[in-house]
Structures are given as C-alpha cells and as structure tokens.
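These are the residues of each chain, in order.
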Amino acid sequence: MKYQLRPILNHFYLILVGFLIISCKQVQKSTTKFSGGNKVEISYATGFEIKEYPDFSIITVTEAFPDSDKNYVYGLIKNGKKLPDSIQTDAVITVPITSIVVTSTTHIPSLEMLGVENTLKGFPNLDYISSEKTRALIDAKKIKELGQNESINTETTINLDPQLVVSFGVEGENKALSSLQRAGIPVVYNGDWVEPNPLGKAEWIKFFAAFYDKQEMADSIYNSIVENYDEIKQKVAKTSEKPTVLSGAMFKDIWYLPRGDSW
C-alpha cells in the first residue's frame, strides 16, 4: 500500500508546485510598476504626483482625505492608445476631456484659470458658486443643478454623460459616486482641501491641467501665483498692525472652525 501511494503523492506534489508557480506569476503581474516617464515638478503639494509618458500619464493621489491609507491611481490616455497591462488603475480617462462635473467650489478657480470653465456641465448646490464667469454660464442654463454633494443626483449626472466627475475624498463609501462608476463614468478624487499649505492647495491646478493636456499653461499660471504670494507675504511681514481674526461659520447654533493646521 505504501508503494502504491508514492507515485500518486509525487504526482500531487508536481501539480501543487505548478499551481504555486502560476500564482507567483499572477501576483508579480498585478504588482509590477511601469518604470520610466517624466515626473511633473510638484513644489508644495503633498497629496498627488503626475508621471508623463509619450502616450499616457499616470496621476497618483496619495492623500484624498486626512489619514487616507489608499493611493488612488488614474490613467490618462491619448491618441487612441491603451495603458500597459502592468499598470493597475482606479479609473482610465481619455484626454483631453471636453466635459466635466466637479463637486467643490475650490475646483472652480482651476477651471477658470485654465480657460475651460465652459466644459463644466453640472455642479451640486449651484448657489454656492460666486465666480462671475461661472455664474454667467449658470444663468445661461449651461450648467445643471445636481442637488446635494453627499447624495448627488445620479440620474441627472448620468444623463449629462460627463467624461469625468471630480469629487473630494471622504472616509467611507459614497453610494452616489459608486453608482456613477457602475454606469461607466470615471470618478476621481481631489484632495486639495487636505493640503497644509495654501501654495500646495493652489498647485492642484496641475492636477486639473492633466485632464485637459494643458500642463505647460498650468506651470506658467502656478509660477505667477507663487510670485504674487511671496510678494504679499513680504509686505505683510513688514506691517506693525496684526488684527485678530476669528474663522469659521455658524450652522444650527454650532460654530464650526477649520482644523488647526488648515490653511
């Protein structure tokens, strides 16, 4: 009996080794990173990075919300190309885009400075937008009301069929955003509000520029912002009057303050 089992056991071991080899190859494929590419210069922002390749770019958002332990990877393709199989992404977007939905008023200035505010097709709580350029588009009925940000109107958004929805990350799943993703609409997270430095927040214009293939324009705009900021900072440093400022807002008998390290 002992000698009869040996060939069977040997055969079993060969099968087991074969499965292990296949498994190792599959794990290696899923964890392979695409090397090379040119890294876009990021001076102050800490929450994202961009690498450019001849036919595509990769955006990695490292801090979509405070203490986020997940990196969100977005592939931007052009010229009808495809991403290499070795790159695992959370969304793939064909650029340059011509239609977008954003969900925070902090996203509006980047669109306007890049001259692409006319690509904005929808926004939750239009009353919060005060910019003259974008308000003119709202008055002309070119931007749709999408309801509340936490429960964005998915039906209206899907009917708009935007090429991209930009949301701000929060801990926990957003069911509305998940519905948009299931409908085939790419959703990306913008973490500009998490940046501890105002120049870091402003640098997210490079994030938006990548979707419009306007990186050089964004670099020029951002350099001007840094120059203006430094100039004002020097003037403020010389003033003898330093008023006390109380920051925050009242809502239902509660005074809400920004977190201590918030710009």
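Scroll up to find the structure.
Residues numbered from 1 in each chain as written. Predicted model: local features only at pLDDT ≥ 70, side-chain atom pairs only at ≥ 80, totals over all residues. Heavy atoms only, no water.

A. View of the overall build of the protein chain. When helices and strands are counted, the protein chain shows eight helices and twelve strands. Of all 263 residues assigned to the protein chain, the portion counted as buried reaches 37%. Pairs at least 24 residues apart make up 45% of the contacts formed inside the protein chain by residues separated by at least 6 positions. Surface summary for the protein chain: the accessible area is close to 16700 Å², and the carbon and sulfur share equals 53%. (Helix = DSSP H or I, 4+ residues; strand = E, 2+ residues; numbered from the N terminus. Buried < 20%, exposed > 50% of the residue type's maximum accessible area, 1.4 Å probe, protein only. Contact = heavy atoms within 4.5 Å. Areas by Shrake-Rupley, 256 points an atom, 1.4 Å probe, with all protein chains shown as cover.)

B. Just the pattern of salt bridges, in detail. For the coordinates displayed, the defined rule picks out six salt bridges. The partner of lysine 70 in a salt bridge is aspartate 90, with the nearest N and O atoms 3.3 Å apart. Highlighted residues: lysine 70 in the loop between strand E3 (56-61) and strand E4 (72-77) and aspartate 90 in the loop between E4 and strand E5 (91-94), separated in sequence by 20 residues. Overall, the relative accessible area of 35% leaves lysine 70 in the partly exposed class. Linked by salt bridges that have partners in common, Glu203, Lys206 and Asp219 make up one network. (Salt bridge = Lys/Arg side-chain N within 4 Å of Asp/Glu carboxyl O.)

C. Expanded view of the sheet that holds strand E1 (residues 38-39). Strands sit in the order E1-E2-E3-E4-E5 across an open sheet of five strands; the sheet is mixed. Of all strands in the sheet, those with a lone pairing partner are E1 and E5, marking the two edges. Of the strand pairs in this sheet, strand E2 (residues 48-52) and E3 are connected by five bridges, and their pairing is antiparallel. Counterpart to phenylalanine 48 in the pairing with E3 is valine 61. In the packing of helix H7 (residues 205-212) onto the sheet, the strands contacted are E2, E3, E4 and E5, and the crossing angle to E2 comes to about 35 degrees. (Pairing = 2+ DSSP bridges. Axes fitted to C-alpha atoms, helices over the stretch in contact; angles between N-to-C directions.)

D. Layout of the pairing of E2. Pairing of E1 with E2 involves two bridges; the strand directions are antiparallel. Considered in E2, the bridge of lysine 39 is made with lysine 51. In sequence, E2 turns back onto E3 through a hairpin of three residues.

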